[in-house]
Amino acid sequence: MKNYLYIFVLYAILVSASCHRKPEVIVPAVNTVTANILNDFPTHIAVPNLLDLSNKSNELYNSIQTFVANPTDANLYTTQQTWYATRKIWEQSEAFLFGPVSFKGLDPAIDDWPISYTEIDSVLKSSNTFTSAYIQNLNTTLKGFHPIEYMIFGLGGARKANELTSRQKDYLLAVADNLKTITAQMYTEWQAQGGNYALQVSSAGTSTSVYKTRKEALLEITNSMIGIISEVGEAKIGEPYTVIDSMLEESPFSGNSWKDFAMNIQGAKNVYMCSYSAAGSGLHALTDLYNKSLDLKIIQKMDAAFNNLNAYTTKFGKAIYNERPAVESTVQILTDLKKTLEDELIPLIQTKVTN
Amino acid sequence: MIKTKLYIYIAFILLATTSIIYSCRKPQALEDSEWDERMSGGDCTVFDESAGAFGNVINGLSDEDRRVHGVGDGFFDKTFVPVSTTSPAVGLGPVFNQLSCVRCHINAGRGTPPLSGQPYQSMFFKLSVPGVDTHGAPLPVPGYGAQLQDKAIAGTNPEGTVMITYNYITEKLADGTDVQLRQPIYQFANLYTSMPANVLYSPRVSRSNFGMGLIEAISEESILRNADPNDINGDGISGRVNYVYDYITHQGNCIGRIGWKAAVPNIKNQVAKALNEDIGITTSIFPIEYETTQQGGKIELPDSIVNALTFYMKTLAVPARRNVKDETVRTGKKLFIVSGCVKCHADKHETATDVSFKPLSGQIIRPYSDFLLHDMGLALADGRPEFDATGNEWRTPPLWGIGLNQRVNGNTNLLHDGRARNYIEAVMWHGGEAQSAKDNFKKLTKAERDALVKFLESL
């Protein structure tokens, strides 16, 4: 009889132990974390980044205005440095090109390439007055960052102040004014006194938001972050590298392409860590909650990608011809990072976030 | 005694094993039928509710296929510029509607019609004069062709544009609720040369791109099953195939599957036509430059790239449905069926078996379209026939993914010209063969209408 007792005790222990699962104690924690992420993304990343972009574009316009009024090499240099600084902010903001900037087609009006040389020449030769409305109606390959870059750096990046005609300077100023207007609109679309898209994100999961659940908003942010990593690897680097054509380079006149790409990855890391203007709660907090090793892996891969891009000393347009193994390696690093995010971070959000 | 003990031990082991298996089995989250319902594109479904939901690649592709998809994706996004030293072979225009595919299909989604009096960006106008050409296609307008190009490269005049304004009319539902509808009014403007008085025109908002590979792969049997051109069953709904011309095989009498009037038989025809007419890029399929003087003959984009673009479109996954277990959604679905909507928005198709490309082969899909032509009444008619489609007929548009339009494209506009600003307005524009379904909808209570809308949002 004693033996039977042992057997049944053993049975009970075995069944009980075999069904023992980790308690789901982190459900309240994940709700707090997702709420924090969605609160902090607009206030710590989107709005301050777009405000900086708007302010910097204004500075760029002012520096061009100064240069046009007094076209010295020193003023041209100041303009070039302001262009680099504005570009640095813009490239980071490309990690969250969703919402109104996407719906309203604002992105191409800011950063289309390649530029249309023949049409710029045609516009310059015309007698048209470069009013705001005129520039607004131009094709996007005739305005935004890159026509400005073309004007102030010139082919080969060796522009001298006295090379620009008065017609070119008028055009330069008008295009810079248009860039200032559109970046201001981008900021307005997100901020509370304007389109307030920030509220759409922070109120995700409520009936007033376009995001019916928090998960939807988190996936939006995550996919947008992955999108820029993908674009850098597959399009910005991948296409010129694959077809071996430097004419497809994004910022050929300023020689800034590698820095552009690095800042894109910095933007992705800003989103992941929520670390642009001040430290907040980013996607990192969610990953860390469930899978610390994945969180570490993502951070390491983002850092590796940024450092790799930032380390290039050869200009992009030459590297795709002369340093092909290195560029291939860069593409692979970006592909790996994208794959980790798609194969591990996205499923984590999809399975762990339930509301 | 030993034998008894042995039996007890054996019984214990069996009992313990069985108990472990059954006590630890996880409950099924969804029943099979419900789980299937989420898979609108069968195995080509993707679980993505973000703004990128329409731009995902399907599962099951080889690394090489994924690379080709990526190349096509790159060209889909590519901004074209006029021929120059930097772009010696491929040149935008000289007349065109957009600089790239993605400008009309933002996030691989649908276009947005303009507000009253504003310029349009992601729609265009098809043109013709009465009659058909040797392929049965509409006759192009002398000096304009089959489409109005509203943009041109510097130094060339655009063909013209169309001013769009709206009249507002009100329809009343059975419970007294007013629904305000906006009726578009079109006026040609800035025409570079005179337009014939008998011109026929048709506004077209760009469509979403995902799921086209599956639509192309639907078996002919699956499409023909719903066709009832002479309304033999007497339900007031005909459903006709648009038999069209394939400009690649040079065969007529092909089942039209793509476009607002199903005037295109497959993706590659669509890609080549859009490159030519929308962007002004010639291919081996359409080698004549689409300009006002109709010169040309040079092939700008090689077949390799056209094939990659086609493959990209073919391999875009369908977003999964959401909230299929929600009671209100289920109620909405029942109302969708009993109101008669499902008679044209057929919920299920099978793709044909294709041993050469397994991912799209033998899939059960739920596009909510029969892909047939239906007379939708005078209020929606464009009066412009296209192959077998009359001026009153439109292809039933698939509804999969429409619940994500707001997320992907920032609006919920529907119908060929985007006049409907939401689902209810779209239903209220239905007429002709769909009049009965519309009348049934008008009789619903507010709670029932809300449920039906919630079902549509789940697609």
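No experiment lies behind these values; they were computed from the predicted model shown.

Counting its secondary structure elements, chain A contains 16 helices and 0 strands. Summarising its shape, the C-alpha atoms of chain A cover approximately 110 × 50 × 30 Å along the three principal directions. Per-residue burial for chain A yields a buried fraction of 48% across its 355 residues. A fraction of 78% describes how many contacts in chain A between residues 6 or more apart in sequence connect residues 24 or more apart.

Bringing the overall build of chain B into the picture now. The helix and strand inventory of chain B stands at 13 helices and 16 strands. For chain B, buried positions account for 51% of its 459 residues. Taking contacts inside chain B between residues at least 6 apart in sequence as the whole, the part at least 24 apart equals 66%.

The next thing to look at is the environment of Glu289 of chain B. Inspection of the secondary structure assignment puts Glu289 of chain B in the loop between helix H7 (267–279) and helix H8 (303–314). Along the primary structure Glu289 of chain B and Asp36 of chain B are separated by 253 residues, whereas in three dimensions their C-alpha atoms are 46 Å apart.

Residue and element names in this part refer to chain A. In terms of burial, helix H8 (residues 145–153) is a largely internal element, 9 of the 9 residues being buried. What H8 keeps buried is the set Phe145, His146, Pro147, Ile148, Glu149, Tyr150, Met151, Ile152 and Phe153. On its buried face, H8 is in contact with helix H3 (73–93), helix H5 (106–111), helix H6 (117–125) and helix H9 (166–190). Backbone geometry just downstream of H8 places Gly154 in the positive-phi region, at approximately 70°.

It is worth spelling out unusual backbone geometry at this point. In terms of backbone geometry, most residues other than glycine have negative phi values and most peptide bonds are trans. Pro114 of chain A follows Trp113 of chain A through a cis peptide bond whose omega is 0°. With respect to the secondary-structure elements, Pro114 of chain A resides in the loop between H5 and H6. In this model, Asn323 of chain B sits at a positive phi of 55°, which is unusual for a non-glycine residue. Position of Asn323 of chain B relative to the elements: it lies in the loop between strand S12 (318–319) and helix H9 (327–338).

Attention now moves to the confidence of the model for chain B. All names here are of chain B. For chain B, per-residue confidence averages 90 on the pLDDT scale, and 90% of positions sit at 70 or higher. The low-confidence segment residues 21–32 (pLDDT under 50) makes 6 contacts with residues lying over four places distant or belonging to another chain. We note a pTM of 0.84 for the whole complex and an ipTM of 0.77 for its interfaces.

Let us now look at the pairing of strand S7 (residues 161–172) of chain B. Residue and element names in this part refer to chain B. Bridge count between S7 and strand S8 (residues 178–189): 12 bridges; the pairing is antiparallel. Along S8, the bridge assignment pairs Met163 with Gln187. Here S7 folds back onto S8, and the loop between the two strands holds 5 residues, one of which, Gly176, carries a positive phi near 95°.

Soluble globular proteins: nonpolar side chains tend toward being buried together. Judged by nonpolar contacts, the single largest core of 186 residues is most densely connected at Ile148, Ile265 and Ala268 of chain A together with Leu309 of chain B. With 12 residues, the single largest contributor to this core is helix H2 (residues 27–69) of chain A. Look past the residues within four positions of Ala268 of chain A in its chain and what remains in contact with it is Ala95, Met225, Ile228, Ile229 and Met302 of chain A. Counting residues in each nonpolar core, the second largest holds 13 residues, with Leu148, Ile164, Leu200 and Val205 of chain B among its members.

Attention now moves to the packing of helix H13 (residues 283–290) of chain A against helix H14 (residues 292–310) of chain A. Residues and elements named next belong to chain A. For the pair H13 and H14, the least separation of the axes is 6 Å and the interaxial angle reads 140°. As summarised for this structure, H13 and H14 are arranged oblique, according to the angle between their axes. Residues His284, Thr287 and Asp288 of H13 pack against Lys292, Leu294, Asp295 and Ile298 of H14. Along the lines of polarity and charge, the residues of the contact of H13 with H14 split into 2 nonpolar, 2 polar and 3 charged.

All names here are of chain B. Structurally, the position occupied by Asn97 is in the loop between strand S2 (95–96) and helix H4 (101–104). A tally of 26 C-beta atoms within 10 Å means that Asn97 is categorised as buried. Counting along the chain gives 182 residues from Asn97 to Ile279, while the straight-line C-alpha distance between them is 6.0 Å.

So, about the pairing of strand S9 (residues 200–205) of chain B. Residue and element names in this part refer to chain B. Burial within S9 is extensive, with 6 of its 6 residues counted as buried. Burial of the side chains of S9 extends over both faces: Leu200, Ser202 and Arg204 are buried on one face and Tyr201, Pro203 and Val205 on the other. By the bridge criterion, 6 bridges tie strand S3 (residues 123–132) to S9 in an arrangement that is antiparallel. Its bridge partner being in S9, Met123 is matched across the sheet by Val205.

On to the packing of H8 of chain A against H9 of chain A. Each pair of packed helices can be summarised by the angle the axes make with each other and by the distance between the axes. Residue and element names in this part refer to chain A. With their axes 9 Å apart at the nearest point, H8 and H9 run at an angle of 150° to one another. The pairing of H8 with H9 is recorded here as roughly antiparallel in orientation. Seen along the crossing, H8 lies across H9 with a hand that is left-handed. Listed contacts from H9 to Phe145, Pro147, Ile148 and Met151 of H8 are Gln168, Leu172, Val175, Ala176 and Leu179.

Residue and element names in this part refer to chain A. Between its first and last C-alpha, helix H12 (residues 257–273) extends 24 Å over 17 residues, near the 24 Å set by a 1.5 Å rise per residue. Counting buried positions over the 17 residues of H12 gives 17, a clear majority of the element. The first or second residue beyond H12 is Cys274, which carries a positive phi of 55°.

Further remarks concern the environment of Pro265 of chain B. Residue and element names in this part refer to chain B. For Pro265, the position within the fold is in the loop between strand S11 (251–255) and H7. As a C-alpha pair, Pro265 and Leu61 span 204 residues in sequence and 24 Å in three-dimensional space. With residues up to four places along the chain from it excluded, the contact list for Pro265 reads Val244, Asp246, Cys254, Ile255, Gly256 and Arg257.

Thresholds applied
- Residues numbered from 1 in each chain as written.
- Chains lettered and ligands numbered in written order.
- Predicted model: local features only at pLDDT ≥ 70, side-chain atom pairs only at ≥ 80, totals over all residues.
- Helix = DSSP H or I, 4+ residues; strand = E, 2+ residues; numbered from the N terminus.
- Buried ≥ 20, exposed ≤ 12 C-beta atoms within 10 Å, placed from the backbone.
- Contact = placed C-beta atoms within 7 Å.
- pLDDT = per-residue confidence, 0-100.
- Pairing = 2+ DSSP bridges.
- Core = buried A, V, L, I, M, F, W, Y, C linked by C-beta atoms within 7 Å.
- Axes fitted to C-alpha atoms, helices over the stretch in contact; angles between N-to-C directions.
- Parallel < 35°, antiparallel > 145°, perpendicular 65-115°, else oblique.
- Nonpolar A, V, L, I, M, F, W, Y, C, P; charged D, E, K, R; others polar.
- Left-handed = near helix turned anticlockwise from the far one by under 90°.
- Expected span 1.5 Å × (residues − 1).

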